[in-house]
Structures are given as C-alpha cells and as structure tokens.
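Read off the chains here:
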Amino acid sequence: MKTLFTVLTFLVITLTSMAQPGSSISGAVKDAGNESLPGATVRLLKISDSTLVAGEITDANGSFRFINLQNSTYILAVAALGQKDFASVPLTIDATHPTIALPVIIMLPAKSIELNEVTVKARKPLIEQELDRTIVNVGAMIGSATSNTFDVLAKTPGVTVNANGEISLNGKGGVMVLIDGRSTYMSGADLAAYLKSLPGGVLDRIELMDNPPARYDAAGNAVIDIRLKKARVGGLTGSLALGGSLGRYARTNDALNLNYNHKKLNVFANLGYGYEKNYSEDDFSRRYYNEAGALKSRVSLKNDQHYASNGYNANLGMDWNVTSKTVLGTIINLNGSSRKGNFAYQSAQLNSLNKLSGSGNGNTVSKDIRNNTSVNVNMLHKFNDKGRELAVDANYLHYHSNGKQDLENRLFDADGVLMQNELFRYHTPSDINIYTFKADYVHPLKNKARFEAGFKSSYVDNDFVFDHFNMTDGLPVIDNRRSNHFQYRENISAAYASGEKRWARFGMQMGLRLENTVARGHQFGNDSVQAMRFTKNYTKIFPSIFLNYKVNAQNVFVLMAVRRINRPNYQMLNPFVFYKDQYTYSAGNPQLTPQYQDRLELKYQHKSFLNMGLSYNRFTNGIFTTIEAQGDTFISRPDNIARGYMVLLNTSVSGQLASWWYNNTTLRLSRITMKGPLYTESLNYATNVARLEINNYFNLGNGWNAELGGYYASRDVNGQAQTSGMFRVNGAIQKKIWKGKGAVALNFEDLFHSWVYHNRSFSIRQSDYYQVNRTDTQRVGVAFSYKFGKETFARKRRHSNNASDDEKGRVD
C-alpha cells in the first residue's frame, strides 16, 4: 500500500508539472439589467460545420473560459433561462491572436421576442450520462408527483429496492444515500421511513455514482445523491404538486417549492406532506430435519401487517453573495413521521406425518414517532474566475425516535387448548447526535489540469434503549433479562488529494483518501445482564484512478479502479434480541467488521445512444444477514462471511425510435459468488442474475405526453435466500394546461400485481423455508402540478454539500 501511495503521489506531481499555457476564449454573460447570469450554457462551435468543440456553464460571476484551443474559427452560442439565445460573430484563434477576451455579452429577455417568432421549449431527457455519474431527471417521470421519494427510487433506472427496504445500484448493495450532497445518516427501516416522508414533487434529479471520486467518503459500494428542487431564476418563483394514488389503500404526496432571488440574496424552501397506508402479507413454510436429513417437523406461518403513517418535511435555505467571490449559505431541515401499525400472525406446527402438534397466534400493536433536525452552514470562496475555490461545510444533525409495541403471544396444543398466553411491551427510545466538518480546495492548473484536496471529521453519538416489560395484571413490569441499553460513539477523520489532467483525447484522474476510525461501544449492564464494552481503531487508504480515452467525438472509453468500505450501520452492532413472532427473532452483532470492496471497471460510450460497462467486484469480510436455527426458532443477525465476487455487464441503449417516441433500454447481467463458514454450515453459493428495464416516452402533441415501462428481475440473492424472477409494468399519461404552467396526470403502477417475492433459503443447518411476500404495489394515481412566479435572472449559486456523507447513511 505504501508503494501504491508513492506511485500515485508521483503521478499527481507529474500532472502538475505537465501543465503549459494555451490558447483561450473568455468572457462574461449578463442580463439586460447588468446582473451577472450564472448557470448560462455556453457552447463553442466550429464555424465550418457547427461541430460542438466544448461546452461550459457560467460561474457565480457569469464568467466562462475555453482553454487549450486549436487554431481555427469558432462561434459562441449562449443560452439562459428566460433570455433570448445569443450567437457571436466569428472568432479566429491563430498565431497572431492566441487569446480572445470578449466584451460583456448582454442577453435580452425572452419576452421581447416578436409574436411571429417560434419559441421551442426543451424538455429534459429522463437520463443524462456524464463521465462519473448518471443523472435521472425526475421531472421527466410523469408518475413522480403521485409517489414519495422511496417509490421514485424504486422506479429509477438502475436502482433496486427489495422487500426489506434495502437499496442497490446496478446490482451493488450497501448504497450511500445523500440528499443535496448531504448524507441521511440512515439505513434500513429508518431510511425507508425518511424517504417516504419526502413527496416526489420536491425532487429535481437523482445522481447515480457507481464509482465516486476521492472527495466522497469511502463508505458505500455506490452513491445515490437525491437533489431537491431549487429555482435557478430570480424573483419569486415556485411550484405546487398534489398527488394521490389508490391500491388496496389510499396515499397522498403533496409538495410546495418556493424560491426568492433578489440581487445578492437567494431564499428557498421545499415543503412536503405525505400519508401512506400499506400492508405486507407473508406466507412461510418451514421444514426441520434430523441429523440423517429426514423430515422431523414443519411449521406453517402466516404474517399479516398493516400500518398507516403521516410524514412531513421542511427544507429551508438561504444563499448570500457577501462579495462577488464569496457566498455564505445555510440550510435547515425538519423531518418527521408518526406511524401506527398492527401485526398479526398465525402458526401451525405439524409432525413428520403432517399431523397437527400445536398452533399459535399473536399480534403486535405499535406506534413510532420520529423527529429529525439538521442544520448546515456552508461557505464558497472563489479566488478567481478560473475555478480556484474553497468550500467549507459544517453540519449538526439530531435524530430522535420513540417507539412502543404491545405484543401478545398465544400457544395451543394439538386439541386447541390454550397452553400459554404471554403479554409484554417494548419501549424503544433512541437519540443520535452527529457533528461533521469538511473543507474542499480546488486548484485549476494550466493545460486542462486540476488539483483537489480536502479533509473531513465526523463525530457520532448514538444512544439506544430497548426496555422489555412483562404485563402483569395490566401493569408493565421491567424484565432486565430481556432489556438493553446500548451506546455507540464513533469518530472518523479523513483527508484526500486528487489530480486530474486532460489532453485532446486522453484524460486521467487519480486520488487517494486516508480514513481513520475510532469507535467505542458500551452495552450497559443491569442486575440480570453483564455490561460489555468494545473499542475499534483502524486506518485505511482508499485509492482511485480514472482513465478515459476519446477515440473521436462519438466514442469514449473509460477505465476505472476504486477501493471502497462498507461499515455496518450503528444498530447492527447492538446485540439486543428482538421478538417478531413465535418462530422469528432478530439480533445485532458487536463483532462485525467493515466490508471492503475492490472494483475494476471498463466503460464504453457511443454518443448518447450506447453505454456499456464491464466490472469485476471483489469483496472481503462481506456483511451478510445470516439465519441460525435454534430448535424451531430462526434468529437472524448480521455477520461477516469470508469472501465473494460479482462480475457485471451493464448495457444501456437510448434513442428516438420515431420523432414522437423515445426509448431507453438497460440490460444488466451478473455472476455472483459467496464462500465462507456460516455457523456449522459451509456457504458456497453462486448464481447468475439478469435484470431488464424498458422505458418508453411518447410526445403525443398538443401538450400530451405518455410513458410506458417494464422491469424484469431474474432470480437474485436476498440475505440467506434466493428470490425467484418477477416483473412489473408501469405507465402514465399527462396533459399540459395553462400555457404549460400546469399539468394533470394519470398513472398506474404494477399493472398485473406481479411484483411478488418468492424466496427460498439455503445453507441453514437442518432447516429450510419458502416464503411469499406481497405488498400494496398495484396502484392507480392522479396528480396536478403548477409552476408560478416571475422569472427575471439566474440565481447566484447552487450549493453542493457532501460534508455528511457516510454517518447519516448508517442510522438504522
């Protein structure tokens, strides 16, 4: 590893030394009021054939600069929202005029266009491909307004959400989820609850990163960055989205987005409310065998869960241009939900002759309240107009939850006589405090080279209480044998450096990230449970390298290699045993260690038509949800298995099949293997997985748009079970109204209610199970959206903060 560090450091220095001055065209863009226009699109075209040479986005001062240009004659094409397009006179770069500094370009407002001119309004495509990420524009998904963010993710190309709420990207689990570049610090059920409280109407786009660069935390096998709506124009603007859907039960998702921009000040807000009622039905068939492998007994188990939840989200922010080079910002997020649930089960136990030997039933009435608060303060300082800048972010996050569950468990003999009636209660309050600080420095070099460096420190304080009460004569009595108080504190300190250099056809980016982790866990003892402590301290280096070769303007190859870490979420380390039903328990594992993954990937892109990627992913100490059979009880807990790998071929084709029909089709083929000891068994599992996504978008004219899509997933691995193949079909139709400012839409999801999980276990000692799971996925929805406000000039800044990337993604 030291050798690798030395080599990469030498290469970064080499990049710096290779930078040389070159020809350039620079300028600035302003509106008719002499206000700078950041965010304007500037394209440099060859005058001979209008071939695109390069493209830039103006910075906070409205400035742009094209460098390292060949001798030729060019024209500039400038476009900005609310402004008439601008085209320059011919600009010639030659030996006599190697540099051109243009006078200020003044854009005229679009309202001054004569009535006989034709105005073309562009609609963002669903998918945009960039070198290090895929951008999914949520506004292009007609059904997004009737959905919450969790459901939108499930319909996003490349993203998969399983029955447990776990999110994967292009077949890779352990995904880190960010909101506006800031991590949620959640995972599992908590992350699902949080995302369900965000209506789809507040979403702008979703950025998918298989191989994040060094400035991102090393945690997570991939990154999904969910960007909320922020207007890029001035004055008072906003949008309203109202959506509802009906399956077995009704849901609503409503959102209001506001933005006010005047001169040096920009204020924005995203407000959302959602109501969801859902069900989950599980049918289990479990079989138990003796040492000789003969059937000993069987259990039939039916679980029926219903819940209803109300969720709110308020995201309030401000950007202030203190000077022409310095912007200060702050963001406050308030998020919460209240959920009530009822879980009921029925069981039947049969002997080897299939005769009833006992039965049981029970129910759980639950109520959970979650309140989350986060505060962000950020600063961006631009030293010049060439991209040299310093960004600083500080975050404080507080998560509070308070859960209560009342459980009743009844057991009967073969004749139906009540043998046992157990009543007990869980009280599960928790508090999590997170503090992060981060700084990133970017220094452009000559000849399309750039150097970046930064550091980050985070401190997390988790406090979980699980109190078990036995109900005696209607009164709760604490049972210390089954109660738990767990505290976990963690500090991660990180520093990174990366270098980038681009030539005419070749580009290279290399980075190193160093992370030190110090963690302390403490299970408090009581008169029945012995106290336990553990400490972990480790330092790791995470290199990354990206090489791209541009064969010509239409064909690009990219080779990348990265190393990532997947730390267990905080709740996984808690050894507390949680009761679900008569035959099912779950527990944490304080002995868990991080999972490491090494990835090598080759990508090919042909225009915007074809994208292909072939990757090899090797992981060690893989975190795996295991199942241990103790008698007729299954106890699930996370554990580290020895090793495994995944080979993935990802192919995506996009294009116009007709002037009114756009199609995007993605096929993912993978080979997954896992090997290692698993309790008394030996895990040696391998499978082939195929996933096919087809999305069609139709422009029917006169303000009508429609979409129709399908998704097929072959057999896959879900914990210690193999999931059978399944498919779903979604569609929607939309009509623009009120001169394009409003829209009404009708959509359907899972048309045939075919998204049903069929799971079969493997490698459980002397046991196996088969499970069928159904939820309320077949739905029809309606939505209304409206944009309002005066649009005058572009807003000054878009804050991109990933200071809190890892920790928030590990709350559970």
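Conventions we followed
Residues numbered from 1 in each chain as written. Predicted model: local features only at pLDDT ≥ 70, side-chain atom pairs only at ≥ 80, totals over all residues. Heavy atoms only, no water. Helix = DSSP H or I, 4+ residues; strand = E, 2+ residues; numbered from the N terminus. Buried < 20%, exposed > 50% of the residue type's maximum accessible area, 1.4 Å probe, protein only. Contact = heavy atoms within 4.5 Å. Areas by Shrake-Rupley, 256 points an atom, 1.4 Å probe, with all protein chains shown as cover. Phe/Tyr/Trp six-rings, centres within 6.5 Å; stacked < 30°, edge-to-face > 60°. Lys NZ or Arg CZ within 6 Å of the ring centre and 35° of its normal. pLDDT = per-residue confidence, 0-100. Pairing = 2+ DSSP bridges. Patch = residues over 30% accessible without salt bridge, like charges linked within 9 Å, V, L, I, M, F, W, Y side chains within 5 Å. Salt bridge = Lys/Arg side-chain N within 4 Å of Asp/Glu carboxyl O. Core = buried A, V, L, I, M, F, W, Y, C linked by side-chain atoms within 4.5 Å.

Enquirer: So what exactly am I meant to see when it comes to the overall build of the protein chain here?
Expert: Secondary structure assignment for the protein chain yields 3 helices and 46 strands. Sorting the 812 residues of the protein chain into buried and exposed places 50% on the buried side. The long-range fraction of contacts in the protein chain, counting pairs at least 24 apart against all pairs at least 6 apart in sequence, stands at 68%. Taken as a whole, the protein chain presents about 35,500 Å² of accessible surface, with 57% of it coming from carbon and sulfur.

Enquirer: Would you mind going over the packing of aromatic side chains with me for this structure?
Expert: Two aromatic rings are characterised by how far apart their centres lie and by the angle between their planes. Counted under the stated rule, the structure contains 25 aromatic pairs. The residue whose ring lies beneath Arg-248 is Tyr-279, and the NZ or CZ to ring-centre distance is 3.7 Å.

Enquirer: Any chance you could explain the confidence of the model for the protein chain here in plain terms?
Expert: Keep in mind that low pLDDT regions are not for reading the predicted coordinates in detail. Confidence along the protein chain averages 83 in pLDDT terms, with 87% of residues attaining 70 or more. Averaged pLDDT values over the elements of the protein chain bottom out at 42 in helix H1 (residues 2-17) and peak at 94 in strand E45 (residues 767-775). Counted against residues more than four places away or in other chains, residues 1-21, with its pLDDT under 50, gives 31 contacts. Segment residues 111-122 is flagged for pLDDT under 50; beyond a separation of four residues in sequence, or across chains, it makes 5 contacts in the model.

Enquirer: Explain the pairing of strand E35 (residues 610-630) to me, please; I cannot follow it from the model alone.
Expert: The side chains of a regular strand alternate, first on one face of the sheet and then on the other. In this sheet, E35 lies alongside strand E34 (residues 595-606) in antiparallel orientation, the contact comprising 11 bridges. When the sheet's bridge partners are listed, Leu-600 is paired in E35 with Tyr-616. In this structure, the hairpin formed by E34 and E35 is closed by a connection of 3 residues, where Lys-607 is found at a positive phi of approximately 50°. Between E35 and strand E36 (residues 633-658), which pair antiparallel in sequence order, lie 2 residues; one of them, Gly-631, sits at a positive phi of approximately 65°.

Enquirer: Would you mind going over a nonpolar patch on the surface with me for this structure?
Expert: Among the surface-exposed residues, Leu-271, Tyr-273, Tyr-312, Leu-316, Ile-332, Leu-334, Val-375, Val-377, Tyr-396, Tyr-435 and Tyr-459 lie close enough to one another that they form a single nonpolar patch of about 890 Å² accessible area. Mapped onto the elements, Leu-334 comes out in strand E22 (residues 326-351). Taking relative accessible area as the criterion, Leu-334 reaches 34% and is therefore assigned partly exposed.

Enquirer: Is there a simple way to explain the nonpolar core in this structure?
Expert: Across soluble globular proteins, you tend to see nonpolar side chains buried next to one another. Judged by nonpolar contacts, the single largest core of 32 residues is most densely connected at Tyr-488, Phe-634 and Tyr-769. At the level of secondary structure, the elements contributing two or more residues to this core comprise strand E20 (265-289), strand E21 (295-321), E22, strand E24 (389-413), strand E25 (418-445), strand E26 (449-472), strand E28 (484-502) and E35. With 4 residues, the single largest contributor to this core is E25. Residues in contact with Tyr-769, not counting those within four places in the same chain, are Phe-284, Ser-285, Arg-286, Ile-627, Phe-634, Ala-721, Asn-759, Arg-760, Ser-761 and Ile-764. Among the nonpolar cores identified, the runner-up in size contains 27 residues, and Val-161, Ile-226, Leu-228 and Ala-255 belong to it.

Enquirer: Explanation requested: the pairing of strand E1 (residues 24-30) in the structure shown.
Expert: Of all 7 residues in E1, 5 are buried, a share of seventy percent or more. Sheet topology places E1 next to strand E8 (residues 99-101); 3 bridges connect them, and they run parallel. Its bridge partner lying in E8, Ile-25 is registered against Ile-100. Relative to strand E4 (residues 63-67), E1 runs antiparallel, the two being bridged by 5 bridges. For Ala-28, the partnering residue across the bridge sits in E4 and is Ser-63.

Enquirer: What is the right way to read unusual backbone geometry from this model?
Expert: The phi angle of most residues is negative, glycine excepted, and most peptide bonds adopt the trans form. Phi is positive for Trp-738, which is not a glycine, with a value near 55°. Structurally, Trp-738 is set in the loop between strand E42 (726-737) and strand E43 (742-749). On the basis of relative accessible area, Trp-738 is assigned to the exposed category, the value being 53%. The backbone phi angle of His-753 is positive, close to 50°, even though this residue is not glycine. Checked against the element boundaries, His-753 lands in the loop between E43 and strand E44 (757-761).

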